[in-house]
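Here are the chains, one letter per residue:
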Amino acid sequence: MLSDTWAAPIPLLSSHHRYLHLAILFAALPFFYSYYNEQRRIASFSVEQALVVAWDKVITQPTVVFRKAVVGFNCNVDLIVPGTQLLEDLNATVQTDSDRETLGSVQELSEAFAHFFARGAAAERFMDDEDTFQTVIKHAEASPKAQYHIGGNAALMAERIASAFPRTEAYLVGPIGPRSNALLHPSIKRTNSTRIVKDEVHVIMEYKQGEIMDEYVAPASSRFITSHDMFSGSTVVIEMFFKAISQIKPDLVILTGVHLLQFQQKEMRLEKLRMLKRNVLQVDPKTPIHLELGSMGDAVYIKDVLERIIPHVDSLGLNEQELAFISHVAGGPHTNEYPVQAGTVHVHKVVEMLHWLLRTYGRDRSSGGDSKRAGYRLQRIHFHCLTYHVVVSVGTDWSNLAAGLAAGARLAGRMACSLTDHRGVDQSDLLEVRTAHTLLLDKHLDKKYTFEPHSPIASWMRDDVVFIYTPVLVCKIPTKTVGVDDAISTTGLLYSQFYKFDSNIHW
């Protein structure tokens, strides 16, 4: 038999309490209604829209922002034209596709263009003969579709800082001519010591995915760049760059244009690499140095850059061509991946190459570690390709890396499609995800990834190396491809945070 306590009546609420409960209920109704509508709205998103929302949640401002950034040392005017049309105007015939370190004729230009066109890969090659280059410029300028933009990795990265990160002052050191000076963002600080009378011009030969040239079909939209620079890699400009660093005392240094030295005589470029290394070593270790690589085709030169410069910077930005070439010439993993076909480098292979690069040429924090690496600084690498991005880091000096990765990924497709406001445009019409639903991230750890648009970012550790991965929204019909890599790297870098905790720095 139940006790009396179980049968006791439940006391009724007073009218005061009933009104209070009803008031709370009615007050909460708008919240629950709003939450329900928000969840229903999110559930109705396309894959592309869900991806952007997920990135937005991850992107947070760094606690401490970079106040002053010195960027150098290449600047030019980009003359952008349809590549296949330019070759037709030059009466060039494509007899074969063949890469070479430098170009000496229109025929060699057409063969090198075809080589990378067939692979959908970006590349840059120096034109040895000035008269031939002037002929190319003349025909490019006559194109009805010719466009002039600011160019050069350093100028493009300074431009991105000035336009998107107003709290950071950008100081650009490079050969600035009349037209490039007019094209630069007005807030970019520039020095008169590197002004030149006539702009250096790069001819940007763009092409679209699916475009046909003779027997070749472009598997992806990209560009081929040819130039005949005289000043970007000059001793004077390099000296002015490091002089600016000592005078301005920035809290961020961005070094790029190093790839342009490969076109100089071997003895001269080696001496300039020695000069670069000497000056880099004199930069305050508490000031991070980011090196942005560019397209290189000289195996001896890229090996020199790898051994003399890369270990002594704190951060590195590069794409699939540059990473695969480095691994190829230095005996890293998957050496047969170079030259890269468009979109064919599997994530787990890139992860393996990045792990090798950071463990071989990056900072060694372990006690009793490799004595050769005792003075190395490299701790962060930002890798970007068309369909995905990866950031890897070691140590504690760099933070807020996932925010930087997401911000760079969010920008990539929008910039290629020339979108200014991602919230005001239907992303599904212009952008798309080109990633497998399931893929292998790290073969060594047997770590797999399943694509989930509401949670696209994956992170994991291998040894003492942190990896962060995200797929990217690809522009279906890009309006431009040049400068996107530089903008991605700059965005990821400016969202990152650098603070050197340890004061015991050994050189």
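If you're wondering where the values come from, they're calculated on a predicted model, not measured in any experiment.

What counts and what doesn't
- Residues numbered from 1 in each chain as written.
- Predicted model: local features only at pLDDT ≥ 70, side-chain atom pairs only at ≥ 80, totals over all residues.
- Heavy atoms only, no water.
- Helix = DSSP H or I, 4+ residues; strand = E, 2+ residues; numbered from the N terminus.
- Buried < 20%, exposed > 50% of the residue type's maximum accessible area, 1.4 Å probe, protein only.
- 1 Å grid on protein atoms, 1.4 Å probe; cavity = no way out; pocket = protein on both sides within 12 Å on 5 of 7 lines; lining within 4 Å.
- Points joined across faces, edges and corners; volume = space filled by probe spheres on them.
- Contact = heavy atoms within 4.5 Å.
- Polar contact = N/O pair within 3.5 Å; in protein donor to acceptor, adjacent residues only side chain to side chain.
- Disulfide = S-S within 2.5 Å.
- Expected span 1.5 Å × (residues − 1).
- Arc of directions from axis to C-beta.
- Axes fitted to C-alpha atoms, helices over the stretch in contact; angles between N-to-C directions.
- Left-handed = near helix turned anticlockwise from the far one by under 90°.
- Core = buried A, V, L, I, M, F, W, Y, C linked by side-chain atoms within 4.5 Å.
- Salt bridge = Lys/Arg side-chain N within 4 Å of Asp/Glu carboxyl O.
- Nonpolar A, V, L, I, M, F, W, Y, C, P; charged D, E, K, R; others polar.
- pLDDT = per-residue confidence, 0-100.

### Re unusual backbone geometry
Argument step 1. Residue Phe 73 is reached from Gly 72 by a cis peptide bond, and omega for that bond is 20°.
Argument step 2. The residue Phe 73 is located in the loop between strand S1 (68–72) and strand S2 (76–82) in this model.
Argument step 3. Going from Tyr 338 to Pro 339, the amide bond is cis rather than trans, its omega being 0°.
Argument step 4. Positive phi is not limited to glycine here, since Ser 418 has a value of about 60°.
Argument step 5. Counting through the fold element by element, Ser 418 comes out in the loop between helix H14 (401–416) and helix H15 (427–430).
Argument step 6. With a relative accessible area of 45%, Ser 418 lands in the partly exposed category.

### Focus: the layout of surface pockets
Argument step 1. Space inside the second largest pocket adds up to approximately 410 Å³.
Argument step 2. Taken together, 21 residues make up the lining of the second largest pocket; nearest its centre are Arg 160, Ala 164, Phe 165, Thr 491 and Tyr 495.
Argument step 3. Breaking the lining of the second largest pocket down by element, the ones donating at least two residues are helix H7 (153–164), H14 and helix H16 (484–495).
Argument step 4. If you tally residues by element for the lining of the second largest pocket, the top one is H14, at five residues.

### A word on helix H12 (residues 320–330)
Argument step 1. With nine of 11 residues buried, H12 is to be regarded as a mostly interior element.
Argument step 2. Taken together, the buried positions of H12 are occupied by Glu 320, Gln 321, Glu 322, Leu 323, Ala 324, Phe 325, Ile 326, Ser 327 and Ala 330.
Argument step 3. Tucked inside the fold, the buried residues of H12 contact helix H11 (299–308), strand S14 (315–319), helix H13 (347–361) and strand S15 (380–384).
Argument step 4. Regarding H12, its N-cap is Asn 319, as a side-chain oxygen of that residue lies 3.1 Å from the backbone nitrogen of Gln 321 further along.
Argument step 5. Positive phi shows up at Gly 331, right after H12, with a value of about 75°.

### Digging into the state of the cysteines
Argument step 1. In total, this model carries one disulfide according to the counting rule given.
Argument step 2. Disulfide pairing places Cys 417 opposite Cys 475 at an S-S distance of 1.9 Å. Its S-S torsion of approximately 100° makes the covalent link between Cys 417 and Cys 475 right-handed. Of this pair, Cys 417 sits in the loop between H14 and H15 while Cys 475 sits in strand S23 (residues 473–475), and the two are 58 residues apart along the sequence.
Argument step 3. Exposure remark for Cys 417: the relative accessible area of 11% places this residue in the buried category.

### Considerations on helix H9 (residues 235–248)
Argument step 1. Taking 1.5 Å per residue, 14 residues should reach 20 Å; H9 reaches 20 Å between its end C-alpha atoms and fits that length.
Argument step 2. Within H9 the residues assigned to the buried category are Val 237, Ile 238, Phe 241, Phe 242, Ala 244, Ile 245 and Ile 248. Along the long axis of H9, the arc covered by the buried residues comes to 145°, so they all point the same way.
Argument step 3. For H9, the secondary structure elements touched by its buried residues are S1, strand S6 (169–173), strand S12 (252–256) and helix H10 (266–282).
Argument step 4. One or two positions beyond H9, positive phi appears at Lys 249, with a value near 55°.

### Some thoughts on the packing of helix H3 (residues 47–58) against H14
Argument step 1. Where H3 contacts H14, the two axes come as close as 8 Å, and the packing angle between them is 145°. As for how H3 packs across H14, the hand of that crossing is left-handed. Where H3 approaches H14, its residues Trp 55, Asp 56 and Val 58 are matched on the opposing element by Ala 402, Ala 403, Ala 406, Ala 409 and Arg 410.

### Some words on the nonpolar core
Argument step 1. Counting 116 residues, the largest nonpolar core has Leu 255, Leu 276 and Tyr 469 as the members making the most contacts within it.
Argument step 2. If you look at the next biggest cluster of nonpolar residues, it comprises 30 residues, including Leu 86, Val 106, Ala 112 and Tyr 207.

### So, the pattern of salt bridges
Argument step 1. Tallying each qualifying case throughout the model produces 20 salt bridges.
Argument step 2. Residue Arg 359 is joined to Asp 463 by a salt bridge in which the shortest nitrogen-to-oxygen separation is 3.1 Å. Taken together, the residues span a long stretch of sequence, with Arg 359 in helix H13 and Asp 463 in the loop between strand S21 (458–462) and strand S22 (465–471) at a distance of 104 residues.
Argument step 3. Judged by relative accessible area, Arg 359 falls into the partly exposed class, the value being 33%.
Argument step 4. Classification of Asp 463 by relative accessible area gives exposed; the value is 51%.
Argument step 5. A salt bridge links Asp 397 to Lys 500, with the nearest nitrogen and oxygen atoms 3.1 Å apart. Within this pair, whereas Asp 397 is found in the loop between strand S16 (388–394) and strand S17 (398–399), its partner Lys 500 is found in the segment after strand S24 (497–498), the two being separated by 103 residues in sequence. Each member of the pair, Asp 397 as well as Lys 500, carries the same accessibility label: buried.
Argument step 6. Bridged by salt links that share partners, the residues Arg 100, Glu 108 and Glu 111 form one connected network.

### Some points on empty space enclosed by the protein
Argument step 1. The tally for this structure, following the rule as stated, stands at two cavities of 30 Å³ or more.
Argument step 2. In this model, the largest cavity occupies a volume close to 320 Å³.
Argument step 3. As for the largest cavity, its lining consists of 27 residues, of which Glu 124, Asn 153, Arg 223, Ile 225 and Asp 486 are closest to the centre.
Argument step 4. Going through the elements one at a time, S2, strand S4 (123–127), H7, strand S8 (201–207), strand S11 (222–227) and H16 are the ones with two or more residues in the lining of the largest cavity.
Argument step 5. The residue inventory of the lining of the largest cavity, partitioned by class, reads eight nonpolar, 12 polar and seven charged.
Argument step 6. Roughly 80 Å³ of volume is contained in the second largest cavity.
Argument step 7. If you go around the second largest cavity, the residues you meet are Phe 116, Ala 122, Arg 125, Ser 295, Met 296, Asn 319, Gln 321, Glu 322, Phe 325 and Tyr 338.

### A look at the confidence of the model for the protein chain
Argument step 1. In this model, the protein chain carries an average pLDDT of 89, and 87% of its residues clear a pLDDT of 70 or more.
Argument step 2. Contacts of residues 1–8 to residues separated by more than four positions or lying in other chains number zero contacts, the stretch itself having pLDDT below 50.
Argument step 3. Across residues 33–40, confidence stays below pLDDT 50; counting only partners more than four residues off in sequence or on other chains, it has zero contacts.

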